[in-house]
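A look at the structure
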Amino acid sequence: MQATKRSPIIGYPTRSSCAKPAWPMNDSLFQHQPIPDLHLDPLRPLKGVIVGAGQVGMACAYAMVIKNLFDELVIVDINRDKLDGEVMDLQHGMSFVEPTTITAGTLADGAGADIVVITAGAAQQPGETRLALVQRNVKILQSLTPEVVAHCPNAIVLMVANPVDVLTYVAWKLSGLPSARVIGSGTVLDTGRFRYLLAQKFGVDPRSLHAYIIGEHGDSEVPFWSQATIAGTPLAPPDLPATEKAALDDIFYQVKNAAYEIIRRKGYTSYAIGLAVAQIVQAIARDQNRVLTVSSLINGMHGIDDVYLSLPAVVNRMGVTRVMKVKLSDRERDSLQQSAATLRSVIDQIQF
Ligand SMILES: NC(=O)c1ccc[n+]([C@@H]2O[C@H](COP(=O)([O-])OP(=O)(O)OC[C@H]3O[C@@H](n4cnc5c(N)ncnc54)[C@H](O)[C@@H]3O)[C@@H](O)[C@H]2O)c1
């Protein structure tokens, strides 16, 4: 079935809406990223590519298909048999959702895609160091990136494979694309876990609560307690009793260790990251200007330069066009700088 032209529905990007707010920007709120000069036909079919048909890639595909984010979705994997099986399984659900043309293919089949999601990554082998794993995943990127750029020169590249901040930096460098168009899923998942656990504690819907995890998606991530609120009411004010503070610290501990705990029990994580990636893709595809803690290039903020990490940033059809100039406490700023230093030291040790 051929994908047809999308009708102009509310929320679908138009050329005039792309990254252009109605009023002049207040520079005290945002740091602007250079915006690439893209002229897209807003009515052409939206095409997405997922590289890696593993647990994460397929959970992303499943969530995207249910949300009907693309007209065409091409899924790519080096394991052709597994890829064909996964795609057949997904295709057989098409009578239950809005139409998406799903194909098992190559990056060449994904030519002209709007968004390329990279979930292809090697898993850690017994006895293998984290750094050795990084180097192996960098090698995968070295083979993938030139193909992505050749076939999908206008795509926004969304990195999901781990370590996501380092790999996003490497993909940006290897691709030569504007930093606004190479982003990582960052701490969107961690932020979702944080909101879920806080929402459980305070008895509200997670969507009624503002709280962020910032920094590395990994061990050095930082809870942004000073801005955690429900309806503007701080959840962690300085005068919080010690028992309450311990309960909040425990919530952050659970967030930071969630992946280890899930992997110990079921071997991998998939559903929540699939939904998180679908939300990022929705923000891009529908030009939502949504504030998400994606991993973006940080230059000259909070004393941090030339590192990809997560801070609340505006995501739209151009990628990440603005990073919020959030106000951090001294402690949060120190922790964020340490997180950046951790990422920088990994980048300095790998070869690409
Ligand atoms: N960013 C996050 O929040 C987050 C969350 C969960 C997992 N992850 C990461 O996502 C990645 C994938 O995890 P998974 O559980 O799906 O692993 P998986 O082993 O199930 O799947 C990886 C897939 O990538 C494929 N692949 C490997 N090299 C390839 C290449 N060059 N081209 C195409 N396909 C290739 C493999 O054949 C496999 O099907 C891992 O790096 C994992 O750590 C990230």
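Our structure's up above, just so we're on the same page.
Read on for an overview of the structure. (Residues numbered from 1 in each chain as written. Predicted model: local features only at pLDDT ≥ 70, side-chain atom pairs only at ≥ 80, totals over all residues. Heavy atoms only, no water.)

1. Points about unusual backbone geometry
Cis geometry is adopted by the peptide bond preceding Pro163, which originates at Asn162 and carries an omega value of -5 degrees. You can see Pro163 is positioned in the loop between β6 (156–159) and α4 (164–175). In the Ramachandran plot, His302 falls in the positive-phi region, its phi being about 50 degrees despite a non-glycine side chain. Tracing the chain through its elements places His302 in the loop between β14 (295–298) and β15 (307–310). (Helix = DSSP H or I, 4+ residues; strand = E, 2+ residues; numbered from the N terminus.)

2. Regarding the site of the ligand
Around the ligand sit 20 residues, and of these Val56, Asp77, Thr119, Val160 and Asn162 come closest. Between the ligand and His217 there is a distance of 3.2 Å, counted from an oxygen atom to a side-chain nitrogen or oxygen. Considered on its own, the ligand offers 860 Å² of accessible surface; in the complex 81% of this is hidden by protein. A class-by-class count of the residues in the shell around the ligand yields ten nonpolar, nine polar and one charged. (Near = heavy atom within 4 Å. Polar contact = N/O pair within 3.5 Å; in protein donor to acceptor, adjacent residues only side chain to side chain. Areas by Shrake-Rupley, 256 points an atom, 1.4 Å probe, with all protein chains shown as cover. Nonpolar A, V, L, I, M, F, W, Y, C, P; charged D, E, K, R; others polar.)

3. Considering the pattern of salt bridges
Applying the stated criterion to the full structure yields ten salt bridges. Asp205 is paired through a salt bridge with Arg207; the nearest N and O atoms lie 2.9 Å apart. What makes Arg207 exposed here is its relative accessible area of 73%. Residues Arg265 and Glu261 are paired through a salt bridge, measuring 2.7 Å at the closest nitrogen-oxygen approach. Of the two residues, Arg265 and Glu261 both sit in helix α7 (residues 258–266), four residues apart, roughly one turn of that helix. (Salt bridge = Lys/Arg side-chain N within 4 Å of Asp/Glu carboxyl O. Buried < 20%, exposed > 50% of the residue type's maximum accessible area, 1.4 Å probe, protein only.)

4. Brief notes about the sheet that holds strand β17 (residues 319–324)
Taken in spatial order, the four strands line up as β1-β17-β16-β13 in an open sheet, and their pairing is antiparallel. The open sheet has two free edges, formed respectively by β1 (30–32) and β13 (290–292), since each of these has just one partner strand. Across the sheet, the mean angle from the axis of one strand to that of its neighbour is 35 degrees, orientation sign disregarded. Relative to β17, β1 runs antiparallel, the two being bridged by three bridges. What sits directly across from His32, in β17, is Arg322. (Pairing = 2+ DSSP bridges. Axes fitted to C-alpha atoms, helices over the stretch in contact; angles between N-to-C directions.)

5. Topic: the packing of aromatic side chains
With the rule as written, the count across this model stands at five aromatic pairs. For the ring pair Tyr169 and Tyr308, a centre distance of 6.4 Å and an interplane angle of 80 degrees mean the geometry is edge-to-face. Residue Tyr169 is found in helix α4, and its partner Tyr308 is found in strand β15; the two are separated by 139 residues along the sequence. Each member of the pair Tyr169 and Tyr308 is classed as buried. Note on Tyr212 and Phe224: the rings are 6.5 Å apart at their centroids and 40 degrees apart in plane angle, and the pair reads as tilted. Placement of Tyr212 in the loop between β8 (209–210) and β9 (213–214) and of Phe224 in the loop between β10 (222–223) and β11 (229–230) is noted, with a sequence separation of twelve residues between them. Phe224 carries the same exposure label as Tyr212, and that label is buried. By the ring-pair criterion, three or more aromatic residues cluster together here, those being Tyr169, Trp172 and Tyr308. The ring of Phe202 is capped by Lys201, whose NZ or CZ atom sits 5.4 Å from the centre of that ring. Residue placement shows Arg322 over the ring face of Phe30; its charged tip is 4.5 Å from the ring centre. (Phe/Tyr/Trp six-rings, centres within 6.5 Å; stacked < 30°, edge-to-face > 60°. Lys NZ or Arg CZ within 6 Å of the ring centre and 35° of its normal.)

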